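If you want the building blocks of each chain, they are given just below.
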Amino acid sequence: MSSTQIQITHYPHRKCKFSESVDLRINNKAIITPTFAPRLKNDGELRTYSTVKSLYTPQQLSAQVVRLLDAYRTLFSTPKKKTPLNIVDQTLDIPPPQSGENVLLIDPALEYLYYAVNMERLAKTPFVSRTIRNYVIKFLEKSRKLESARLSNESKNVVGKQLFREAEHTNFWSCVYNDANMRMKLIRDTFNIELKARADVLVPPVPLVTSSHLLEVAIFMNEKSRAFGQALSHDKRECADYFIIKPQVLRNERMMSRIKEYVSNSESSLTVFKFKNLDLCDPNLAIERSAFKSFLMELSLVSQQPENKAFALFEAGNQAFPAAYSSFAIVSTGFNLDREDRRNQQEISPFASRYDPKNMTMQNKETFLQTVENNDDAIPCHCKVCTENPTIPVNDFIEYNRKSREHYLLCREQEMMEIITAIEKQESQMGFEKLQRSSLKNLIDIIPR
Amino acid sequence: MEINVPSVILSPEEIQAIKPSERENYVRSLIKNILSMNENGVMASEIVDATNLNRITVTKHLEYLVAIREAYKSDRGTGSIYYINGRLVHPTDRLSVPIGNKIYDFVKLENAEGDFVFIQEKEQDELRLKTVKGGIMIRCQDLLYFMNGLQKFITLASNRIEIKK
């Protein structure tokens, strides 16, 4: 008698070519799609998000995404005194996380077994399976040894960093694929942690897809996780499918067809995608843009079928708007707003970047102030945060950053609202026109027509 | 005849690799899924053949599902055929009443033997996951007799039953 935890209701009048807005019910929490789900990295961001929710009651901010490695400091931030090293098998005696009426998705984010950037944190966070921690500790140890061998020039045959990383990563996931014990432990630990964080849908631990072999491992992990989801409880949480994809995979037609084929036939109601570090605005990525368009088209057709299927896109970046416009029910981006500075290795300003709703890109403080000056000293934005707070806190970076984050959330919410209005009014050109006026002109090509 | 089973089933090694309590949940849930996928009923031996699970385990779980009224069985010749206990007639014919850490689900069901009101007792654990603890099925046409009986019992034992108002 247990009903599905994810239910989708389609309406004929909320459909326009490749765009659709549906009622999505996840674990008894209702969402009208498309919705924007910020990825929260710490309790400060959670507080900002909660403030925006309570002050402005935005309707299209109905979900939130927290990476497993950020879950402890974001959701369980109250007791700072003692951090248990492993909470997988323990009952938590700390207050339950505050997700409220929002749909909470926990992202296992195991691409960091490949990218070194958050590896140290993976080794330290209590919110990770021991299988992962053991791998990371061993990897870092081996890495250090290799580095010192390279520096001391002991051997000329020291394996290259990239090759070593690829080999270790593939080797780890091959072990998971072949060893039932290791596999079930990884899935069980991950799901238990997600449940402790009160996730509304279980997102399985899958590898970053860099090759056909790892794609098969990802599919295998999705299937096994869905089967195991039933073991956790009689009244189970539904298990999503999850694919973390390296942008280069978009060039591989065979792999993309395999993903599409799997998604069309899968029993999961929700499929989550993450294209790691993908920015289709780059003029050199013409092939990727075309592949992404065909991918969106395929997903749009699948999601408009009467079957119970919805899609989410994590770390959507510049693709957030076109993805929400085409087929994704939930789109998520981070909102720490300093990403570009870090990527370009520039000195990080204490002032966060600010979202420019017209250009749909981030702008730094100087550019923003210049824009305001050119606009007769008025902020060129109609969101409630900007209209209610016309004075810019130019010297107080904490206040400036807080306002920038609130503004970002409301701008994204506004974009989702515009999509819904366009669908209801059957204005299929709205998405193209909006992108045409922005700095994301390149992305017009990826919207299916 | 082959029965319908879920597309992915954990292998015996995978089942062995999970905790005993999770193993129980998994097998029970799998068997319940198989019953739902085969509305014409299945025999224990058919489930054993399709899943490679131990016969004793399968029978134990089938009997448990019958005991908590999630399934019912009908004896035919040498064996029993198990059926899922009806289907929800209308999505709105459902009510959940939380009392303490228990939840009582009232559902109107329909199966080959008629229309029933199914009352299921569920318990919520620290992860807010619900587990079925028991249930009763009352034929719709007998519902008033049942209610009268309950009322009579409350009156009869009113001195010894403490009712919170």
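Cut-off values and rules
Residues numbered from 1 in each chain as written. Chains lettered and ligands numbered in written order. Predicted model: local features only at pLDDT ≥ 70, side-chain atom pairs only at ≥ 80, totals over all residues. Helix = DSSP H or I, 4+ residues; strand = E, 2+ residues; numbered from the N terminus. Buried ≥ 20, exposed ≤ 12 C-beta atoms within 10 Å, placed from the backbone. Contact = placed C-beta atoms within 7 Å. Nonpolar A, V, L, I, M, F, W, Y, C, P; charged D, E, K, R; others polar. Pairing = 2+ DSSP bridges. Axes fitted to C-alpha atoms, helices over the stretch in contact; angles between N-to-C directions. Parallel < 35°, antiparallel > 145°, perpendicular 65-115°, else oblique. Domains from an automatic or database assignment.

Asks: It is not clear to me how the overall build of chain B should be interpreted in this structure. Could you clarify?
Replies: The helix and strand inventory of chain B stands at five helices and eight strands. In sequence order, chain B lays out its α and β elements as α-α-β-α-α-β-β-β-β-β-β-β-α. A total of 165 residues make up chain B; the buried ones form 26% of that total. For chain B, the share of sequence-separated contacts (at least 6 apart) that also reach a separation of at least 24 residues comes to 38%.

Asks: Where do I start with the interface of chain B and chain A in this structure?
Replies: Put simply, an interface is often sized by how much accessible area is lost when its parts join up. The partner chain A presents 21 residues to the 24 residues of chain B that form the contact. Contributing elements (two or more residues each) for the side of chain B that touches chain A: helix H1 (12-17), helix H2 (20-37), strand E7 (114-124) and strand E8 (130-139) of chain B. Of all the elements, H2 of chain B adds the most residues to the side of chain B that touches chain A, at six residues. For the side of chain B that touches chain A, a count of residues per class yields eleven nonpolar, six polar and seven charged.

Asks: In this structure, what is going on with the sheet that holds strand E11 (residues 270-275) of chain A? I would like to understand it.
Replies: The strands making up a sheet associate through hydrogen bonds between their backbones, and the pairing can be parallel or antiparallel. Strand order across the open sheet formed by eight strands is E8-E7-E6-E13-E12-E11-E10-E9 (chain A), with parallel pairing between neighbours. Taken across any chain shown, the strands that pair with only one partner, and hence form the sheet edges, are strand E8 (103-107) and strand E9 (208-209) of chain A.

Asks: Sorry, what's going on with the pairing of strand E13 (residues 330-334) of chain A here?
Replies: All names here are of chain A. In terms of burial, E13 is largely enclosed, as four of its five residues are buried. Relative to E13, strand E6 (residues 35-40) runs parallel, the two being bridged by five bridges. Paired with Phe36 across the bridge in E13 is Val331. The sheet contact formed by strand E12 (residues 310-314) and E13 spans two bridges and is parallel. Bridge pairing links Leu313 to Val331 in E13.

Asks: Teacher, can you tell me more about the pairing of strand E6 (residues 102-111) of chain B here?
Replies: For a regular strand, the rule is simple: side chains alternate between the two faces of the sheet. All names here are of chain B. In terms of strand pairing, strand E5 (residues 94-99) meets E6 through six bridges, oriented antiparallel. Note on E6: the bridge partner recorded for Ser96 is Asp105. Linking E5 to E6, which pair antiparallel, is a turn of two residues; within it Gly100 sits at a positive phi near 60°. Where E6 and E7 come together, ten bridges link them in antiparallel fashion.

Asks: I tried to follow the packing of H2 of chain B against helix H4 (residues 55-67) of chain B on my own but got confused; where do I start?
Replies: Residue and element names in this part refer to chain B. For the pair H2 and H4, interaxial distance at closest approach is 10 Å and the crossing angle is 70°. Comparing the axis directions of H2 and H4 gives the class roughly perpendicular. In this structure, H2 contributes Val27, Arg28, Ile31 and Lys32 to the contact, and H4 contributes Thr57, Val58, His61, Leu62, Tyr64 and Leu65. Here the contact of H2 with H4 is built from residues that sort into six nonpolar, two polar and two charged.

Asks: When you look at the domain arrangement of chain B in this model, what are you seeing that I'm missing?
Replies: All names here are of chain B. Taken domain by domain, chain B holds domain 1 (12-84) and domain 2 (87-156). At the junction of the two partners, domain 1 supplies four residues and domain 2 supplies seven residues. Residues belonging to the side of domain 1 that touches domain 2 are distributed by class as follows: two nonpolar, no polar and two charged.

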